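If you want the building blocks of each chain, they are given just below.
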Amino acid sequence: MYALDFEQPVLDIEKQIERLESAPAAATLADELATLKATRDTLLRKTYASLTPWQTVRVARHPARPQTADYIDMMCRDFCQLHGDRRFGDDPAIITGLARIGPFKVMLVGHQKGRTTAERISCRFGCANPEGYRKALLKMRMAEKFKMPIVTLVDTPGAYPGIESEQRGQAEAIAVNLREMSRLRTPIVSIVIGEGGSGGALGIAVADKVAMMQYAWYSVISPEGCAAILWKEANETTNTKAATALALTADRNLTNGLIDSVITEPAGGAHRDPRAAASAMQHWIVEQLRELTRLDPDTLVRRRFEKFRAMGSTASRQLA
Amino acid sequence: MAERAAERTWDQVETLAPKKAVPEGLWTQCPECGESLFRKALEQNLHVCMKCDHHMRISARQRVEQLLDPGTFEPMNATMSPMDPLSFVDMKPYRERIAQAQRQTGENDGVQTGAGFIKGRKVVVAALDFTFLAGSMGSVVGEKVTRAIEHATDHAVPVIVVSCSGGARMQESGFSLMQMAKTSAALARLDDAGGLFISVLTDPTTGGVTASFAMLGDVIIAEPHALIGFAGPRVIRQTIRQELPEGFQTSEFLLAAGFIDRIVHRANLRSEISRFIDFSGT
């Protein structure tokens with residue numbers, strides 16, 4: 001398994017556990033095994049309890065971390081993928097489709113990074129093109145028409161910066177999503193499952209309730225991007241500083257009032273127990289939708305507006 | 001990957017600004033063609049080079065002065081000043097950067113908003129100020145633009161936003177990101193109320209400003225040869241590892257791609273805006 005440097009001590013213990021378990025006299029080593037497992041659990045909890053923001057970013061990017069397609073498999077029933085923006089093409093970097101989550105029929109929209117090399121390339125590592133954002137909006141409008149709640153899963157380093165994406169109006173596509181999502185007359189919940197990179201993330205995250213998975217990040221720019229500009233160079237030291245300065249962790253975003261909830265991940269992160277992560281997320285979604293589906297559309301849209309309207313209003317002050 | 005995907009923010013655009021401040025004096029040089037220009041004449045020509053027609057960057061105050069009927073501008077929320085919600089420190093504390101920008105420009109933050117008249121038509125106007133931290137959008141810019149849009153909505157007056165910005169302001173991180181949602185949501189309400197929004201794009205308009213209100217005009221016009229885009233040219237070049245085509249991300253490029261309605265010479269902005277207002281009947 002791929003290991004982050006700070007996970008290595010835990011993985012070393014796991015190797016020992018494996019060795020003991022496969023040893024011919026495994027039964028006689030039960031005590032030793034139990035001790036090792038307890039040590040492993042403690043170490044894992046301790047490591048994850050004191051992650052720096054930059055380490056959190058690296059957990060959010062862990063190659064084994066569950067992606068939108070994984071959560072769909074684990075959390076949705078009867079998923080029916082819908083393709084294409086009916087304008088230009090189908091962007092695999094954003095998956096959209098009909099799904100059942102608990103008692104709800106929903107429209108699911110989520111960034112997809114891809115697992116295999118071929119997938120990653122076709123998804124551009126989760127960086128969507130304008131047609132991805134337009135596809136998302138088209139399907140969200142359909143959800144509004146049929147009074148289906150919308151669930152979006154955010155996992156992108158940012159919208160794709162390329163010649164064609166500019167030519168096809170990346171900025172316009174995101175801008176229109178921001179405006180339209182703010183007035184869709186159906187409940188919207190969003191979860192940042194991994195990376196929440198800037199406008200590319202927000203482009204599907206103007207929601208009534210926004211949550212972050214415990215080890216996700218969400219910010220106006222990536223730590224490396226910020227370090228390269230403000231510290232003139234992106235390296236381990238400046239990335240660490242930038243990640244802290246940007247207040248990009250779930251906890252800081254919650255404290256700053258920019259998200260509504262943090263969904264606790266299993267010990268050692270979602271990649272260690274994807275099912276537990278999916279189950280926690282599903283629980284949160286169902287809980288939110290129970291509340292939101294009770295509201296009439298006018299109230300819903302007004303509250304959503306007021307929520308975003310208030311952001312940064314206290315951060316700017318009126319002098320004298 | 002991530003750093004390449006990052007949106008361009010204000011510091012990156014600094015390199016595009018003229019290296020030296022224009023020296024005070026009777027004469028000044030065109031940063032494009034190098035022609036020596038008589039300052040008074042240049043001002044009268046709206047800071048457009050008399051030789052090569054280059055549209056020079058101007059401050060928000062100059063913009064408002066050029067756009068509105070003389071003496072009609074009534075500023076709104078002029079005293080609103082940035083906070084430092086994250087106590088952000090990079091190589092220099094954000095507070096110091098703000099104080100320095102305030103000293104250099106004499107402004108509180110990077111936008112002028114207010115009410116006034118254009119050829120006798122009542123308007124609300126917001127002009128972003130590149131001279132203040134590269135016109136980057138933090139909470140103050142977002143809040144003032146939002147209030148301007150809301151004022152226009154409440155009073156059924158057209159709103160004109162002149163963009164000139166490197167994008168979101170990194171030092172306010174999530175707060176600046178959310179200004180994109182806030183301003184766009186305010187425009188949804190203006191739209192629902194049948195209000196007119198004219199978006200004017202000037203050099204440069206990039207990042208989070210382009211990806212929010214700047215691209216949401218009922219009418220979107222741009223000054224000639226302005227740099228307009230989502231990602232900055234450097235970020236794109238690093239991502240795709242190839243040279244960018246000639247004229248990429250200019251006003252002319254966006255017109256051909258179908259994302260702006262018209263390119264308008266600075267001298268004609270007032271009359272064109274008046275025309276849109278008359279057509280819309282607002």
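Residues numbered from 1 in each chain as written. Chains lettered and ligands numbered in written order. Predicted model: local features only at pLDDT ≥ 70, side-chain atom pairs only at ≥ 80, totals over all residues. Heavy atoms only, no water.

### Focus on empty space enclosed by the protein
- As enumerated under the stated definition, the model contains 2 cavities of 30 Å³ or more in all.
- The volume enclosed by the largest cavity comes to roughly 90 Å³.
- E166, G169 and A171 of chain A together with G229 and L254 of chain B are, among the 14 residues lining the largest cavity, the residues nearest its centre.
- Of all elements in the fold, only helix 8 (170–181) of chain A together with helix 10 (251–257) of chain B reach the threshold of two or more residues within the lining of the largest cavity.
- Take the lining of the largest cavity: its biggest share by element is 3 residues, from helix 8 of chain A.
- Of the residues contributing to the lining of the largest cavity, the split by class is 7 nonpolar, 5 polar and 2 charged.
- Taken as a whole, the second largest cavity encloses approximately 80 Å³ of empty space.
- Lining the second largest cavity are 15 residues; nearest its centre among them are R57, I58, R63, C164 and T202 of chain B.
- Those elements giving two or more residues to the lining of the second largest cavity turn out to be helix 4 (60–67), strand 6 (121–128), strand 7 (159–165) and strand 8 (197–205) of chain B.
- The residue makeup of the lining of the second largest cavity, split by class, is 7 nonpolar, 3 polar and 5 charged. (1 Å grid on protein atoms, 1.4 Å probe; cavity = no way out; pocket = protein on both sides within 12 Å on 5 of 7 lines; lining within 4 Å. Points joined across faces, edges and corners; volume = space filled by probe spheres on them. Helix = DSSP H or I, 4+ residues; strand = E, 2+ residues; numbered from the N terminus. Nonpolar A, V, L, I, M, F, W, Y, C, P; charged D, E, K, R; others polar.)

### Focus: unusual backbone geometry
Residues and elements named next belong to chain B.
- Here D203 and P204 are connected by a cis peptide whose omega angle stands at -10 degrees.
- Looking at the secondary structure, you find P204 in strand 8.
- Of note, the phi angle at D53 is positive, near 70 degrees, even though the residue is not glycine.
- Along the chain, D53 falls in the loop between helix 3 (39–44) and helix 4.
- The exposure class assigned to D53 is partly exposed, which follows from its relative accessible area of 37%.
- Residue K119 is not a glycine yet carries a positive backbone phi of 45 degrees.
- Along the chain, K119 falls in the loop between strand 5 (111–118) and strand 6. (Buried < 20%, exposed > 50% of the residue type's maximum accessible area, 1.4 Å probe, protein only.)

### Here's the deal with the layout of surface pockets
All names here are of chain A.
- As a volume, the second largest pocket reaches approximately 430 Å³.
- If you trace the second largest pocket, you find 23 residues lining it, with R61, K113, R120, F125 and E195 closest to the centre.
- Residue assignment for the lining of the second largest pocket shows that the elements contributing at least two residues are helix 3 (53–60) and strand 5 (188–197).
- The greatest single-element share of the lining of the second largest pocket, amounting to 3 residues, is contributed by strand 5.
- Among the residues making up the lining of the second largest pocket, the classes are represented as 10 nonpolar, 4 polar and 9 charged.

### Let's talk about the pattern of salt bridges
- The full count for this structure, using the stated rule, is 44 salt bridges over all chains.
- Of the charged contacts in the structure, one is a salt bridge between D70 of chain A and R115 of chain A, with a shortest N-O distance of 2.4 Å. On the criterion of sequence distance, the pair formed by D70 of chain A in helix 4 (residues 68–75) and R115 of chain A in the loop between strand 3 (104–111) and helix 5 (117–122) is long-range, its members being 45 residues apart.
- With relative accessibility at 31%, the residue R115 of chain A sits in the partly exposed group.
- Among the salt bridges present, the one from K51 of chain B reaches E35 of chain B, with a minimum N-O distance of 3.8 Å. Taken as a pair, K51 of chain B in the loop between helix 3 and helix 4 and E35 of chain B in the loop between strand 1 (27–29) and strand 2 (36–38) lie far apart in primary sequence, 16 residues in all.
- For K51 of chain B, a relative accessible area of 59% puts it in the exposed group. (Salt bridge = Lys/Arg side-chain N within 4 Å of Asp/Glu carboxyl O.)

### A few points about the pairing of strand 6 (residues 209–213) of chain A
Residues and elements named next belong to chain A.
- Counting buried residues along strand 6, 4 of its 5 residues qualify, which places the element largely inside the surrounding structure.
- With 4 bridges joining them, strand 5 and strand 6 adopt parallel strand pairing. Residue pairing in the sheet places V189 in a bridge with K209 of strand 6. (Pairing = 2+ DSSP bridges.)

### Looking at helix 1 (residues 8–22) of chain A
All names here are of chain A.
- Compared with the 21 Å implied by 1.5 Å per residue over 15 residues, the 21 Å span of helix 1 between its first and last C-alpha is a close match.
- Among all positions of helix 1, only V10, L11, I13, E14, I17 and L20 are buried.
- Turning to helix 1, the residues buried within the fold contact helix 2 (30–49). (Expected span 1.5 Å × (residues − 1). Contact = heavy atoms within 4.5 Å.)

### Structural notes on the sheet that holds strand 3 (residues 74–75) of chain B
All names here are of chain B.
- The strand order across the open sheet built from 7 strands is 3-5-6-7-8-9-10, with neighbouring strands paired in mixed fashion. In this open sheet, the two strands that pair with only one neighbour each are strand 3 and strand 10 (262–263).
- In terms of strand pairing, strand 7 meets strand 8 through 6 bridges, oriented parallel. Bridged to V159 within strand 8 is F197.
- Set on the sheet, helix 4 makes contact with strand 5, strand 6, strand 7 and strand 8; between it and strand 6 the angle comes to about 160 degrees. (Axes fitted to C-alpha atoms, helices over the stretch in contact; angles between N-to-C directions.)

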